[in-house]
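# Observations on the model geometry
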Number of protein chains: 2
Amino acid sequence: MSTAISTDINASRGHDAKRRSIVEAAASVFCREGFGGANIDMIAAEAGVSRQTIYNHHGDKESLFTFVLSELTERMNTGIFRVLGTFPENPVDLQAELTAFAVRMFENCVCNRDGKFLRKLIQSEGDRYPELFATWLRDGPARTTSGLAARFARLALQGLLDITDPDVAARQFMALVRADLEPGLTVGMNACGAEVEKSAANGVKAFLRIYGKRHPPSTS
Amino acid sequence: MSTAISTDINASRGHDAKRRSIVEAAASVFCREGFGGANIDMIAAEAGVSRQTIYNHHGDKESLFTFVLSELTERMNTGIFRVLGTFPENPVDLQAELTAFAVRMFENCVCNRDGKFLRKLIQSEGDRYPELFATWLRDGPARTTSGLAARFARLALQGLLDITDPDVAARQFMALVRADLEPGLTVGMNACGAEVEKSAANGVKAFLRIYGKRHPPSTS
DNA sequence: ATATTTTTAGACGCAGTTGTCAAAATCGTC
DNA sequence: GACGATTTTGACAACTGCGTCTAAAAATAT
């Protein structure tokens, strides 16, 4: 029994290393060349394994592709929810903390390697795999929006924001903090740090002009 | 001379009809399959012409692709600037007119067939053709933003808006009116009329809470 | 050290694609 | 109806890529 377990664990050392490098390489090549343009030899070369190993692990090109897609989706989602957990719950400087939150969201989810790959793969091949696409949509953006909405609702209850529809507010928040990065984001470019911070700052400022509590009119 | 000209013109009747149908079909197939996945036979079949005709017109697959891309870019840009010309200059109901403007922009540029195709082609193959991509970026989104910014600046001068940076305002306008349509737009779906109007209305309302003139505080 | 599993390398058949060619068919015009 | 231009058809060679197979090599477990 214990032997069987240790066998499993040990066998998966180099094994899983190859598995991972295959996924990385496949993501990169599929992303660069599209599903139709990618070929297994490229992926094998980039992964540093033989072509046969890829076939051993994943059967065929299509299976490899769907595996890569679901892998990236899962990774991305865990990242998103980890960052969602850092949403300012009891802010003292709402503007600064929302901006920092937005920057975290970008750097860890939207603008990193996985985010770029996933975005492009969904964009270019989403039609071909409706199930994977639906999964991504349901577990990713949809839950992100509602998670964000819930947190904005909480802030509204605390009297820090003036929100009627939290879902709309959440979508507008995402749209605003990325406004300055378009159309680069749409097109696969990854924004660098300074741009991200500027865009986030602009976006949050605008967001607070929409939903921030109006200062009671001082008798000036 | 006149014969030569008339020959040219007449010869180009069915000729240009085929030219157009080739471009349409190529756009559709490239968009669906990616450059690598598309093949000339598909395009020929969808265009209702023979494969040879495509080679006669465009030389090879790559030339056809770049031709399609520049054709779509040009079409899209003329559409955008036509709509930009309908921006409300002397609005009586700013919110309603901006909303209608946003809807026009979507229905004529972003959400129509060409818009969807161009977006997807730029997304998936933009890296491969840096020149075409740069042209698109420079003549399309960049000029759209600055054209929009100029018009917002005019409204600000008229005292109808309270804007400091018109470029930021323009980008935020675009981002807000499409906020409810994400991530569908990113992913190639075309929104239907009702969704577009709702999203535009929400976006414009938010935009005016950012940049609308504050009503002078009434002594309530 | 040995047995077992995994990986590699190379060759292979097969199917699909590209781009070319020449002859036949079609179209528009006079 | 005859003419010139365009399009179609079908065949072609060269190439590429997928997926399979086998024997050798390497890694791993016992």
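See above for the structure.
The model shown is predicted, which means the values in this text are computed figures rather than measured ones. (Residues numbered from 1 in each chain as written. Chains lettered and ligands numbered in written order. Predicted model: local features only at pLDDT ≥ 70, side-chain atom pairs only at ≥ 80, totals over all residues. Heavy atoms only, no water.)

For the rest of this paragraph, the subject is the overall build of chain A. Tallying secondary structure elements over chain A gives 9 helices and 0 strands in all. Moving toward the C terminus, one meets the helices and strands of chain A in the order α-α-α-α-α-α-α-α-α. Dimensions along the principal axes, computed over C-alpha positions, put chain A at roughly 80 × 45 × 30 Å. In chain A, 67% of the contacts between residues at least 6 apart in sequence involve partners at least 24 apart. Of the accessible surface of chain A, which amounts to about 10,600 Å², a share of 54% is contributed by carbon and sulfur atoms. Taking the average location of the 26 positive side-chain charges in chain A and that of its 26 negative ones, the two points are 2 Å from each other. (Helix = DSSP H or I, 4+ residues; strand = E, 2+ residues; numbered from the N terminus. Contact = heavy atoms within 4.5 Å. Areas by Shrake-Rupley, 256 points an atom, 1.4 Å probe, with all protein chains shown as cover. Lys, Arg positive; Asp, Glu negative; His and termini not counted. Charge placed at Lys NZ, Arg CZ, Asp CG, Glu CD.)

Attention shifts here to the relation of the copies chain B and chain A. Relating one copy of the chain to the other requires a rotation about an axis plus a shift along that axis. Once turned by 180° and shifted 0.0 Å along the axis, chain B lies on chain A with an RMSD of 0.1 Å. The superposition of one copy onto the other is thereby described by a two-fold rotation axis. (Least-squares fit on C-alpha atoms with pLDDT ≥ 70 in both.)

A separate point is the interface of chain B and chain A. Taken residue by residue, the interface counts 33 residues in chain B and 33 residues in chain A. In this assembly, chain B packs against chain A so that about 3,000 Å² is buried in total across both faces, 57% of it on carbon and sulfur atoms. It is Gln123, Val187 and Arg209 of chain B in chain B that bury the most area against chain A; as a group they hold 19% of the surface buried on that side. The interface formed by chain B and chain A holds 6 salt bridges in total. One salt bridge connects Asp180 of chain A with Arg171 of chain B, and the closest N-O pair in it is separated by 2.8 Å. (Buried area = accessible area lost by both parts, 1.4 Å probe. Salt bridge = Lys/Arg side-chain N within 4 Å of Asp/Glu carboxyl O.)

Turning to the side chain of Asn202 of chain A, a few remarks are in order. With respect to the helices and strands, Asn202 of chain A occurs in helix H9 (residues 193–211). Residue Asn202 of chain A is classed as buried on the basis of its relative accessible area of 12%. If sequence neighbours within four positions are ignored, Asn202 of chain A has contacts with Asp180 of chain A together with Val168 and Gln172 of chain B. (Buried < 20%, exposed > 50% of the residue type's maximum accessible area, 1.4 Å probe, protein only.)

Attention shifts here to the nonpolar core. Counting residues in each nonpolar core, the largest one holds 133 residues, and the members touching the most others are Phe152, Phe173 and Phe207 of chain A together with Phe152, Phe173 and Phe207 of chain B. Ignoring anything within four residues of it in the chain, the contact list for Phe173 of chain A reads Leu98, Phe101, Ala102, Leu148, Phe152, Val204 and Phe207 of chain A. (Core = buried A, V, L, I, M, F, W, Y, C linked by side-chain atoms within 4.5 Å.)

Once that is clear, we can look at a positive patch on the surface. A grouping of Lys198, Lys205, Arg209 and Arg214 of chain A together with Lys198, Lys205, Arg209 and Arg214 of chain B is seen on the molecular surface, where their side chains present a positively charged patch. Mapped onto the positive patch, the elements with two or more residues apiece are H9 of chain A together with helix H9 (193–211) of chain B. Mapped onto the elements, Arg214 of chain B comes out in the segment after H9. (Patch = residues over 30% accessible without salt bridge, like charges linked within 9 Å, V, L, I, M, F, W, Y side chains within 5 Å.)

On to helix H5 (residues 94–110) of chain B, then. Here H5 of chain B spans 22 Å end to end across 17 residues, near enough to the 24 Å set by a 1.5 Å rise per residue. Buried residues along H5 of chain B sit in contact with helix H4 (61–84), helix H6 (113–125), helix H7 (130–157), helix H8 (166–177) and H9 of chain B. (Expected span 1.5 Å × (residues − 1).)

So, about the packing of aromatic side chains. Centre distance and the angle of the planes are the two values used to describe a pair of aromatic rings. Residue and element names in this part refer to chain A. Going through the model one piece at a time under the given rule, you end up with 26 aromatic pairs over all chains. Judged by centre distance (5.8 Å) and plane angle (15°), the ring pair of Phe30 and Phe35 falls under stacked. Of the two residues examined, Phe30 and Phe35, each falls in the buried class. Cluster of aromatic residues (ring-pair linked, three or more members): Phe87, Phe101, Phe152, Phe173, Phe207 and Tyr211. In this structure, Lys61 is placed above the aromatic ring of Phe35, and the distance from its NZ or CZ to the ring centre is 4.8 Å. (Phe/Tyr/Trp six-rings, centres within 6.5 Å; stacked < 30°, edge-to-face > 60°. Lys NZ or Arg CZ within 6 Å of the ring centre and 35° of its normal.)

Under the counting rule described, the total for this entry stands at 2 cavities of 30 Å³ or more. Computed from the structure, the largest cavity encloses a volume of approximately 70 Å³. What lines the largest cavity is a set of 17 residues, and nearest its centre among them are Gly34 and Glu125 of chain A together with Glu33, Gly34 and Glu125 of chain B. Tallied by class, residues from the lining of the largest cavity come to 4 nonpolar, 8 polar and 5 charged. Of the voids in this model, the second largest cavity is the one considered here, and its volume is about 40 Å³. Lining the second largest cavity we find Ala102, Met105, Phe106, Val110, Phe173, Met174 and Val177 of chain A. (1 Å grid on protein atoms, 1.4 Å probe; cavity = no way out; pocket = protein on both sides within 12 Å on 5 of 7 lines; lining within 4 Å. Points joined across faces, edges and corners; volume = space filled by probe spheres on them. Nonpolar A, V, L, I, M, F, W, Y, C, P; charged D, E, K, R; others polar.)

Let us now look at the packing of H9 of chain A against H9 of chain B. Two quantities define a packed helix pair, namely the angle between the helix axes and the distance between the axes. Packing of H9 of chain A against H9 of chain B leaves a shortest axis separation of 8 Å and a crossing angle of 95°. The orientation of H9 of chain A relative to H9 of chain B falls into the category roughly perpendicular. Contact with H9 of chain A, carried on its side by Ala206, Arg209 and Ile210 of chain A, involves Ala206, Arg209 and Ile210 of chain B of H9 of chain B and no other residues of that element. When the residues that make up the contact of H9 of chain A with H9 of chain B are grouped by side-chain class, the tally is 4 nonpolar, no polar and 2 charged. (Axes fitted to C-alpha atoms, helices over the stretch in contact; angles between N-to-C directions. Parallel < 35°, antiparallel > 145°, perpendicular 65-115°, else oblique.)

The next thing to look at is the side chain of His58 of chain A. Residues and elements named next belong to chain A. Along the polypeptide, His58 turns up in helix H3 (residues 51–58). Of the residues examined, His58 reaches a relative accessible area of 7% and is grouped as buried. Discounting residues that sit within four places of it in the chain, His58 has contacts with Arg19, Ile22, Ser63, Leu64 and Phe67.

Another aspect to go through is the layout of surface pockets. Put simply, the largest pocket is a space of about 930 Å³. Lining the largest pocket are 40 residues, and of these Trp136, Pro141 and Arg178 of chain A together with Glu182 and Pro183 of chain B sit closest to its centre. Element by element, the count of residues in the lining of the largest pocket is highest for helix H7 (residues 130–157) of chain A, at 8 residues. Across the lining of the largest pocket, the residue classes break down as 23 nonpolar, 10 polar and 7 charged. Considering the residues around the second largest pocket, the lining is formed by 32 residues, among which Pro183 of chain A together with Trp136, Pro141, Met174 and Arg178 of chain B are closest to the centre. Those elements that provide at least two residues to the lining of the second largest pocket are H4, H5, H6, H7 and H8 of chain B. Residue composition of the lining of the second largest pocket, grouped by class: 18 nonpolar, 7 polar and 7 charged.

Taken together, the buried positions of helix H2 (residues 40–47) of chain A are Ile40, Ile43, Ala44 and Ala47 of chain A. An end-on view of H2 of chain A places all buried positions within 100° of arc, on one side of the element. (Arc of directions from axis to C-beta.)

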